[in-house]
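Listed below are the residues making up each chain.
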Amino acid sequence: MMNNLLISLRKADIVSGVVLLAFCAAAYYLTLSWLPPVMPGDPGAAFFPRISLIVIAIFSALLLFKSVTARGAAENDSVEDKLAGSTFLNLSGFAMTVLYGGITVIAMAVIAFEIPAFLFLFAMLGMRTKRWVWSLVTALATVAIMYVVFVLMLKVRLPLLFLPQYVSF
Amino acid sequence: MEGFAENIGPALGLVFQIDCILAIVVGVIIGVIIGILPGFGGSQALALMFPFTFVMSPPVAILFMMSIYSAAEYGGSIPAILIRTPGTTAAAMTVLDGYPMAQRGDAHRALMISITSGVFGGIVSSIIFIFAATALAWIGLKFGPSEMFALGLLGLAIIGSFVGSSPLKGFIGAALGLLLSTVGESPFGAVRFTFDLPYLADGIPLIVMIIAMLAAPEIFKLMMLTKEDEAKRQALAQDILTSRKSSFGLRDVAKLLPTMIRGSFIGTAVGAIPGPGPTVGTVIAYNEEKRWSKNADKFGTGVDEAVSAPESANNAVVAGAMVPALALGIPGSGAIAVLLGVLVSKNMVPGPLLFSENGSLVMAVFIGLIVCNIALLVCGIVGIRYFVKIVDVPGRILGPFIMLMLIIGAYAHDNNIVHSGMMIILGAVAFLMERFRFSTIPVILGFVMGPIIEQNLNRAMVINLGDFIAVISTPLTMFILGLAVITAIAAYRRSK
């Protein structure tokens, strides 16, 4: 899987401009199916979103024009100049972060808070530190603290599998 | 000073309740700790703590969040001085002389200058606004729906031009924020951009947007830190704790008094303008101090005044920024947008009426800021040796804890796990936006101000029977819109 990508900002701006213009066109098309205004003077539900889309489209077109007409990196540019006009993207790290977060959220929806939260922390800490016993204890303690703070003190109704929603003394 | 006499008593009574004092002290400690973490400033600290305000009363919630914001702005200076990594963008100017001071063993002195100057700036600007806020609110009452619509656009034009690497990208971000605010049910009953998904009917929750746009990108970065990046961070952090302790006493404070006064006034003035925020305030303060100083040629090598000026301005901006936010409903920065979100979540609408209907609460905000700065001084002086240890915590370990907290925080808003999923998706988009040099602050500002702008535009259109030209033709509206256009054009030309 690709790791650290060096992306030219000029190319990124061109792609961003094209994507934004396409997005504006699609979103504007969606607004055509909305109900027309009913009250006298009422501009209707589509008025403000259309203004926003037109503004985005105008500035995206300007961004696209500016990027297309800008000078790209040349062969004899210094490394510092090339790096200044680029950005790094750790694609695999980004994808894994989204995946871990997404799996944790879906798991919480299916099997409640305790187990996914514990497994997420245990796995993340274990992989990073290689200290599995420490990770186990820390993950357990963190889940317990979050339960006390969020559920018992702040009365947040987290989905719980085996811990009680209320504790009375 | 109409309203001052009748509001000061109840305001003092509000602030000096035990729960408010506790909220201020806890907020200061939390704010400093979060502000120390590189990448986490006032905006991120407020976004992280927002869910906790759901169970607080309005004055406690507001004072808690104000304390966190003020303390986080100071906290950002600590890694700026110690490891050349500003915790907030506003602390970037502090790096210039704070880090050289730390390198020659004067880290403790630099930190003491930072805390003293920051507290001074915060107290001075709070006092100014206790007396000036009601007058500014009176001006706000002269604004009708057309003028408020134009003012909202001016605020976005200023933000778009000042924040981020490119004004074009700033304006795109602001307009995207406006568009995202229209998702869900419209004021006149139609449903927009929901794609028949029931959980989008109420729109995107403010807390989800705030966490996704402000906090999530930094968490993604922490989660993606490699061992090499972490080793570099840790190597820098180890240098801190071995610095020798230089004295800093009242005589030094007296010598820095003119600098602190100048920085405070600059920060106060900049803060009152919706848009520039602490970063611009610190830049102007640093430049002005260099012009006044007899040691101008030594700026950048570790000069006391060069640390003091931006630090005073940094904290002075906080009180200043509250005035257009409370009086006109225009947040001047991402952090102030979150603070407005707290008000709205407590059913208190920012705007001119807030001063007449909740004058004592507004005054309590500024008195609370003074108390907060005093608490910050005590915590800062006592806690310096302990706070610095936070930078020692590896980012790769911190990341998972904070990510889990964000997931729970997004859920806690409405007990809906879909919001946690929304936060992950929007957070991923925000991370990519920042990678491609699109700042997310204009997006969040557009999102917060979108409903205010649309509501005022709709009202103005109904009043003028649908005639948009009539809406923008009042003298004040045309003047404000003209300013917005000039700001946008000037920013675009400056970027070329």
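Residues numbered from 1 in each chain as written. Chains lettered and ligands numbered in written order. Predicted model: local features only at pLDDT ≥ 70, side-chain atom pairs only at ≥ 80, totals over all residues. Heavy atoms only, no water.

Asker: When you look at the packing of helix α1 (residues 9-31) of chain A against helix α2 (residues 47-69) of chain A in this model, what are you seeing that I'm missing?
Answerer: The axes of two packed helices give the description: the angle between them and the distance between them. Residue and element names in this part refer to chain A. One way to put it is that α1 packs onto α2 with a least axis distance of 8 Å and a crossing angle of 155°. One finds that α1 runs roughly antiparallel with respect to α2. Between α1 and α2 the crossing geometry is left-handed. Contact residues: α1 offers R10, D13, I14, G17, V18, L20, L21, F23, C24, A27, Y28 and T31, while α2 offers R50, L53, I56, A57, S60, A61, L63, L64, S67 and V68. Tallied by class, residues from the contact of α1 with α2 come to 15 nonpolar, 4 polar and 3 charged. (Axes fitted to C-alpha atoms, helices over the stretch in contact; angles between N-to-C directions. Helix = DSSP H or I, 4+ residues; strand = E, 2+ residues; numbered from the N terminus. Parallel < 35°, antiparallel > 145°, perpendicular 65-115°, else oblique. Left-handed = near helix turned anticlockwise from the far one by under 90°. Contact = heavy atoms within 4.5 Å. Nonpolar A, V, L, I, M, F, W, Y, C, P; charged D, E, K, R; others polar.)

Asker: Sorry, what's going on with the side chain of N373 of chain B here?
Answerer: Looking at the element boundaries, N373 of chain B is found in helix α17 (residues 359-387). Setting aside residues up to four positions removed in sequence, N373 of chain B forms contacts with G118, V119, G122, I123 and N315 of chain B.

Asker: Would you mind showing me how to read the interface of chain A and chain B here?
Answerer: Put simply, an interface is often sized by how much accessible area is lost when its parts join up. Listed per partner, the contact involves 64 residues of chain A and 56 residues of chain B. The junction of chain A with chain B conceals about 5500 Å² of combined surface from both sides, 81% of it contributed by carbon and sulfur atoms. Looking only at chain A, the three residues that lose the most surface to chain B are F48, F94 and R128 of chain A, adding up to 13% of its buried area. If you look at where chain A meets chain B, you find 1 salt bridge. Among the ionic pairs, D13 of chain A bridges to K169 of chain B, the shortest N-O distance being 2.8 Å. Among the secondary structure elements, those contributing two or more residues to the side of chain A that touches chain B are α1, α2, β2 (86-90), α4 (91-111), α5 (114-129) and α6 (132-153) of chain A. For the side of chain A that touches chain B, the element with the highest residue contribution is α2 of chain A, accounting for 13 residues. Its residues assigned to classes, the side of chain A that touches chain B shows 43 nonpolar, 16 polar and 5 charged. (Buried area = accessible area lost by both parts, 1.4 Å probe. Salt bridge = Lys/Arg side-chain N within 4 Å of Asp/Glu carboxyl O.)

Asker: What exactly am I supposed to notice about unusual backbone geometry here?
Answerer: Where the residue is not glycine, phi is negative for most of them; where a peptide bond is considered, it is trans in most cases. Positive phi values are uncommon outside glycine, yet K130 of chain A reaches one of about 60°. Tracing the backbone shows K130 of chain A in the loop between α5 and α6. Classification of K130 of chain A by relative accessible area gives exposed; the value is 56%. A positive phi angle, near 55°, is found at F193 of chain B, a position not held by glycine. Here F193 of chain B shows up in the loop between β2 (191-192) and α10 (206-223). (Buried < 20%, exposed > 50% of the residue type's maximum accessible area, 1.4 Å probe, protein only.)

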